[in-house]
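An overview of the molecular structure
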Amino acid sequence: MKRYIVLNRHGLFVYCDDVAFKNFPAKPKVVIPLGEITAVEQREYPAQQMLKSQNCSTLLGHDVVYVMEISLKQAYGQILP
């Protein structure tokens, strides 16, 4: 799932894409306060494994996809109404 993310001193702001951010910066899809984040991990996966539903004919065997994994203090549904 591709998203456009902004991190500042207030929190993590998630937008559908960069167009949504440019056109509606005050309307993120999700806002996660920094105090709710316990850890951020970067994971690396083979691109062919992660993008198997898309046309991967241009991908090489060594191409990778980086994924950001965020751990929260509470379950996601408890933070957002």
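Values in this document were obtained by computation on a predicted structure and should not be read as measured data.

**Let's talk about the environment of A26**
Locating A26 in the fold gives a position in the loop between α1 (18–23) and β3 (30–33). When the C-alpha positions of A26 and F13 are compared, they lie 9.7 Å apart, and in sequence the two are 13 residues distant.

**Concerning the packing of aromatic side chains**
In total, this model carries two aromatic pairs according to the counting rule given. Taking the centre distance of 5.2 Å and the plane angle of 70° together, the rings of Y15 and F21 count as edge-to-face. Accessibility expressed as a relative area gives 4% for Y15, which makes it buried. Among the aromatic side chains, those forming a connected cluster through ring pairs are Y4, Y15 and F21.

**Regarding the pairing of β3**
The alternating pattern of β3 places V30 and I32 on a buried face and V31 and P33 on a face that is not buried. Note: strand β2 (residues 11–15) against β3, four bridges, orientation antiparallel. Across the sheet, residue V14 finds its bridge partner in β3, namely V30.

**Focus: the pairing of strand β1 (residues 4–7)**
As paired elements, β1 and β2 share four bridges and run antiparallel to each other. Bridge assignment links V6 to a residue of β2, and that residue is F13. With antiparallel pairing between neighbouring strands as the criterion, β1 and β2 make up a hairpin whose turn holds three residues.

**Considering the nonpolar core**
If you look at the biggest cluster of nonpolar residues, it comprises five residues: L12, V14, V30, I32 and I37. Looking at this core, the elements with two or more residues in it are β2 and β3. Apart from the residues lying within four places of it in its own chain, the contact partners of I37 are L12, I32, I70, S71 and L72.

Reading the values: the criteria
Residues numbered from 1 in each chain as written. Predicted model: local features only at pLDDT ≥ 70, side-chain atom pairs only at ≥ 80, totals over all residues. Heavy atoms only, no water. Helix = DSSP H or I, 4+ residues; strand = E, 2+ residues; numbered from the N terminus. Phe/Tyr/Trp six-rings, centres within 6.5 Å; stacked < 30°, edge-to-face > 60°. Buried < 20%, exposed > 50% of the residue type's maximum accessible area, 1.4 Å probe, protein only. Pairing = 2+ DSSP bridges. Core = buried A, V, L, I, M, F, W, Y, C linked by side-chain atoms within 4.5 Å. Contact = heavy atoms within 4.5 Å.

Function-wise, these values are silent; they only describe arrangement.
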